[in-house]
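Results of the structural survey
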Amino acid sequence: MWRQATSRARVLRRLVTGARPLTTTRPAATTPAPQDERNAGDARNVAGGRVPREADVVVVGGGVLGCSCLYHLAKLGVTNTVLLEAHQLTAGTTWHTAGLMHGLARSETDFLLRQTTRQILNRLEAETGVSPGWIMNGSLLVSSTRSCPEVRKDDFKRWVTFMRAMEYECDLITPSQVKDIYPLMETSDVNCAIYSPTEGQMDPAGLCRGLTRWATQAGAGVVEGCPVTDIKTTETLLGGRRVAEVHTPYGIIKTNAVVNATGSWGNTITSMIGVTLPLQSFRHGYVVTETIPGVAGKPNVREYTSSCYIKMQGDSLIVGSFEPNPDPIDKISPDFPFGLFEMNWGMFGPVYQKVMKRIPALENAGIKTTIVGPESFTPDGQPVIGEDPNVQGFFHCCGFSSHGMQHSGGCGDQVAKWVAKGEPELDLFYMDVRRFHPPLSKNKAWVLARSQECLSSNYSVLYPHDEPLAGRGQRLSPLHQELEAAGCVFQEVNGWERPGWFHSSPAPVLPYDWYGAYDHTPPHTDHPYYNLLKQDYTFDFPAHHHVIQQECAACRERAAVFDMTSFGKYFLSGPDAQKTVDWIFSADMGRPSGSTIYTCMLNNRGGVEADLTVSVCEGGDGTPCNPSFEGRWFYITTGGSTGRYCEGHILKEARKRGWRITLQDHTESLALLSVQGPHSRDILQQLTQADLGDSSFPVSSHKLITLGGHTLRALRLSFVGELGWELHVPRDSALAVYRSVMAAGEPRGIANAGFRAMDSLSCEKGYRHWHSDVTPDDTPLEASLAFTCKLTTQTDFRGRAALERQRAEGVSKKLVTMTLENGSQPLWGLEGIIRDNQVVGYTRRAEYAFSLDRAIAYGYVRHPEGGPVTKKFLSSGTWELDVMGERFPVALHSRPPFDPSNLRVKGIYKE
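This section reports on the structure supplied with the text.

Another point: empty space enclosed by the protein. Evaluated as defined, the whole model comprises five cavities of 30 Å³ or more. By volume, the largest cavity is sized at about 90 Å³. Surrounding the largest cavity, His465, Glu467, Val489, Phe490, Gln491, Gly500, Trp501, Tyr529, Leu532, Leu533, Asp536 and Arg756 form its lining. At the level of secondary structure, the elements contributing two or more residues to the lining of the largest cavity comprise β25 (488–493), β26 (496–502) and α14 (528–533). A class-by-class count of the residues in the lining of the largest cavity yields six nonpolar, three polar and three charged.

Turning our attention to the environment of Gly410. Within the secondary structure, Gly410 is located in helix α10 (residues 404–421). On the basis of relative accessibility, which here comes to 1%, the residue Gly410 falls in the buried class. Sequence spacing of Gly410 and Arg114 is 296 residues, and the spatial spacing of their C-alpha atoms is 6.0 Å. Setting aside residues up to four positions removed in sequence, Gly410 forms contacts with Leu113, Thr116 and Thr117.

Next up on the list: helix α3 (residues 64–75). Over its twelve residues, α3 runs 16 Å from end to end, which matches the ideal 16 Å to within 8%, given 1.5 Å per residue. Where burial is concerned, most of α3 is hidden: eleven out of the twelve residues are buried. Listing the buried residues of α3 in full gives Val64, Leu65, Gly66, Cys67, Ser68, Cys69, Leu70, Tyr71, His72, Leu73 and Ala74. The positive-phi residue at the C-terminal boundary of α3 is Gly77, with phi of around 90 degrees.

Pairing between sheet strands relies on hydrogen bonds along the backbone, with the strands arranged either parallel or antiparallel. Pairing within the closed barrel is antiparallel, and its six strands lie in the order β38-β41-β40-β39-β42-β43. The mean inter-strand angle of the sheet, taken between neighbouring strand axes irrespective of direction, is 40 degrees. Sheet topology places strand β38 (residues 813–820) next to strand β41 (residues 854–862); seven bridges connect them, and they run antiparallel. In the strand pairing of β41, Leu815 is matched with Tyr860.

Residues Phe562, Leu827, Val861 and Leu881 are the most contacted members of the largest nonpolar core, which totals 52 residues. Residue contacts for Leu827: discarding those within four places in its chain leaves Leu820, Ala846, Ala855, Ala857, Leu881 and Val883. Ranked by size, the runner-up nonpolar core spans 43 residues in total, among them Leu89, Leu113, Cys411 and Ala416.

Before going further, it helps to examine the packing of aromatic side chains. By convention here, two paired aromatic rings are described through the distance between centres and the angle between planes. Throughout the structure, instances matching the rule amount to 33 aromatic pairs. Ring centres 4.9 Å apart and planes at 45 degrees place the aromatic pair Tyr512 and Trp514 in the tilted group. What makes Tyr512 buried here is its relative accessible area of 14%. Its relative accessible area of 14% is what places Trp514 among the buried residues. Three or more aromatic residues joined by ring pairs form one cluster here, namely Phe156, Trp159, Tyr304, Tyr309, Phe322 and Tyr459. Of note, Lys75 hangs over the ring of Trp214, and the distance from its end group to the ring centre comes to 4.2 Å. Here the basic side chain of Lys813 rests over the ring of Tyr860, its NZ or CZ set 4.9 Å away from the ring centre.

This part takes up helix α5 (residues 149–165). Along its 17 residues, α5 runs 25 Å from first to last C-alpha, staying within 8% of the 24 Å computed at 1.5 Å per residue. Turning to α5, its buried residues are Val151, Arg152, Asp155, Phe156, Arg158, Trp159, Val160, Thr161, Phe162, Met163 and Ala165. Positive backbone phi, approximately 60 degrees, marks Glu167, located one or two places after α5.

As a further point, take the side chain of Arg681. Relative to the helices and strands, Arg681 resides in helix α18 (residues 680–685). Side chain to side chain, Arg681 and Asp694 meet in a polar contact 2.9 Å long.

The next thing to look at is the side chain of Gln491. Secondary-structure assignment places Gln491 in strand β25. Its relative accessible area of 8% is what places Gln491 among the buried residues. Gln491 has contacts with Glu467, Arg472, Trp496, Glu497, Arg498, Pro499, Gly500, Phe755 and Arg756, leaving out every residue within four places of it along the chain.

Parameters at a glance
Residues numbered from 1 in each chain as written. Predicted model: local features only at pLDDT ≥ 70, side-chain atom pairs only at ≥ 80, totals over all residues. Heavy atoms only, no water. 1 Å grid on protein atoms, 1.4 Å probe; cavity = no way out; pocket = protein on both sides within 12 Å on 5 of 7 lines; lining within 4 Å. Points joined across faces, edges and corners; volume = space filled by probe spheres on them. Helix = DSSP H or I, 4+ residues; strand = E, 2+ residues; numbered from the N terminus. Nonpolar A, V, L, I, M, F, W, Y, C, P; charged D, E, K, R; others polar. Buried < 20%, exposed > 50% of the residue type's maximum accessible area, 1.4 Å probe, protein only. Contact = heavy atoms within 4.5 Å. Expected span 1.5 Å × (residues − 1). Pairing = 2+ DSSP bridges. Axes fitted to C-alpha atoms, helices over the stretch in contact; angles between N-to-C directions. Core = buried A, V, L, I, M, F, W, Y, C linked by side-chain atoms within 4.5 Å. Phe/Tyr/Trp six-rings, centres within 6.5 Å; stacked < 30°, edge-to-face > 60°. Lys NZ or Arg CZ within 6 Å of the ring centre and 35° of its normal. Polar contact = N/O pair within 3.5 Å; in protein donor to acceptor, adjacent residues only side chain to side chain.

So this is what it looks like as structure tokens:
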């Protein structure tokens with residue numbers, strides 16, 4: 001049962017937000033002021049609670065994210081805006097959040113988002129006179145010998161290495177140093193720790209008040225006690241809609257843009273436009289202790305052995321956790337703005353017992369109160385933000401998975417820029433709403449299971465090749481059972497099961513057992529897949545390293561088959577199809593029918609929104625692989641995780657310009673088999689009458705052929721740098737085609753291979769991976785992909801102007817290829833790149849290059865003194881990688897270190 005906000009709840013809010021200061025000279029803000037006091041001079045509220053008749057932007061939700069969006073819109077000069085809050089500012093999750101501020105991040109984007117929040121905390125009081133309660137008391141991350149000692153230590157080393165590349169102040173420290181910093185902590189079993197002196201905490205109420213004060217003084221409006229009852233849209237082109245009106249009890253607001261920042265209530269708002277987000281709320285909370293002598297001013301602590309955080313709260317402590325068995329909430333009442341749940345001591349008690357061992361003083365300290373409120377999580381632990389791909393002007397900003405405060409400044413800034421400028425300025429794909437497959441977002445069981453797994457693993461070690469166990473088996477290739485029987489160890493991407501690598505015996509993914517966290521599902525006693533997965537729980541080479549080597553060798557020496565059915569597949573046609581591809585794709589799309597073109601899609605900054613292949617087609621006979629369209633049409637193939645992202649990008653540009661096109665998604669109806677290696681042509685030629693010779697079927701071309709008695713579209717492409725073809729097959733024919741290929745290839749040693757081998761093969765060949773080697777923050781000139789851009793033609797394309805400016809000015813960063821001289825050392829990415837003892841970047845991606853017998857890595861480097869990165873800069877100096885605190889010499893390569901002349905893909909194999 002829950003208790004609704006009363007005078008007691010107001011007292012609790014005062015406890016949560018009233019952080020005592022480190023000194024007595026600068027008191028922090030406490031509980032939110034009464035509504036009339038808060039709004040005095042702060043909000044552009046119309047008498048009688050009325051709302052404006054029109055606004056450029058309506059922000060829904062008065063938590064920290066909504067307030068941040070309003071503030072940043074005003075900073076951009078967009079002030080004909082209004083924030084609508086159904087209750088009072090901070091309602092929902094913001095008011096009861098612990099208010100921690102961590103700068104330590106696992107990616108550059110995440111770091112920059114947190115830094116934006118930090119900058120706001122440092123300046124907001126000077127801007128508004130309102131203190132956000134910023135206290136820089138530092139942070140400690142500690143783990144013990146009981147918690148994967150060596151692996152956790154490696155994880156901490158890797159983390160600190162990356163943060164130093166970001167020029168962030170943090171250090172690995174010894175147990176004795178931990179004791180010096182935090183004398184109340186028991187450190188006898190501590191084996192690794194990170195200390196960052198510049199982290200701290202904030203007051204959620206003060207932050208919201210300061211953000212809205214600046215925005216309202218600039219001309220924005222805030223209306224509290226005003227729920228949204230409906231959102232009306234109008235139809236646009238290509239089946240899309242756009243925001244038109246926001247309805248409230250106090251009137252209708254005409255608007256072109258809505259930002260949904262309602263957290264756990266996010267789907268209440270999206271249901272008004274027929275959209276479902278993958279959000280799952282859990283009861284998430286903490287306890288506030290009585291006074292504990294000696295804790296005032298001490299750092300906040302993340303205790304990885306017990307998955308707990310410990311926050312200094314004046315002379316008391318707040319203790320919260322990420323339990324393995326959190327309580328899910330099926331539905332939250334709209335009348336629960338400041339509601340709290342009772343603490344589940346059966347769940348929290350065992351965790352608190354562990355924390356008392358770390359801070360023995362807790363054993364004698366009473367508990368002042370408990371705070372348990374709703375918190376919204378997502379299936380991958382990342383927020384859901386960005387413009388909806390089907391509803392123009394509707395922007396999501398929900399699901400912050402207990403990281404809302406520290407992400408609030410950065411995400412509010414980026415969403416505001418998205419609204420005002422049409423795109424963000426950072427790579428936000430991992431947060432973008434388009435990363436989710438819509439049917440999965442509507443699958444409540446999948447959302448619950450994946451969100452629970454993500455919440456419970458919040459403090460787990462992040463391994464490069466870990467896979468979820470929850471929510472598996474959602475999207476299956478027609479080869480799934482066949483590959484499973486062959487020992488396939490699957491990866492999960494966007495709901496798809498795709499081959500990772502092949503074991504000697506079957507290892508199926510079993511139904512999710514919730515890791516035994518709940519009584520209703522006993523844990524599996526034997527789970528071969530999970531046992532194999534745990535071999536990757538290391539920062540050394542896994543036990544199956546030699547298996548991946550064998551798959552790579554089969555591809556380089558004989559032939560291998562890769563099931564790439566998870567890739568996105570689209571047909572683009574219509575009267576304006578040529579005009580559309582000319583503008584959206586960077587490469588020359590005027591090539592003749594039968595051409596297959598590797599290209600990029602760019603944003604206005606010239607950043608790479610995606611890399612993909614486009615096959616030029618004409619006419620058709622109405623078969624699944626060759627539909628009947630009038631005139632030229634285009635077959636588009638995207639990466640497995642980016643299909644909807646690319647689809648949304650194309651449709652948005654076409655709608656904006658009124659182009660008459662049709663974009664059909666055939667991802668589910670077509671399978672994709674890639675047959676690669678020196679013997680691939682001989683194997684396939686046995687199964688088809690079509691001539692696969694170089695003159696008839698050159699590289700970067702495609703044909704409709706009959707192979708093994710089945711009609712399919714064959715593309716002569718390779719993502720591994722070998723002679724080979726992609727076979728795009730109707731789903732019903734895929735298994736038969738696969739069996740024919742394997743039978744024909746058996747005498748020549750054909751083998752199954754997975755994406756782990758493909759990643760290694762492509763890396764040593766120099767082929768780019770989108771969202772690691774290239775992102776929306778990187779341009780083709782920086783990534784050595786200028787050959788994908790039609791800059792020598794007169795045809796304009798999106799991002800061209802930015803590229804031409806950059807070409808004239810020179811690039812300020814450059815993607816480099818590095819190989820270790822030490823062949824026995826693995827790399828995983830996030831290593832620091834050092835030139836002449838100066839950190840100049842970090843590695844984005846790393847693999848073991850079996851053909852080179854050493855690790856290979858890619859990363860962007862900048863000149864330490866600023867200015868362009870030149871060939872002279874790259875060819876001079878002493879280069880090293882910082883690998884978990886140890887330096888290793890590396891060689892830089894101006895060309896791909898494997899087959900630099902690109903002969904093998906042409907079928908030219910030297911003895």
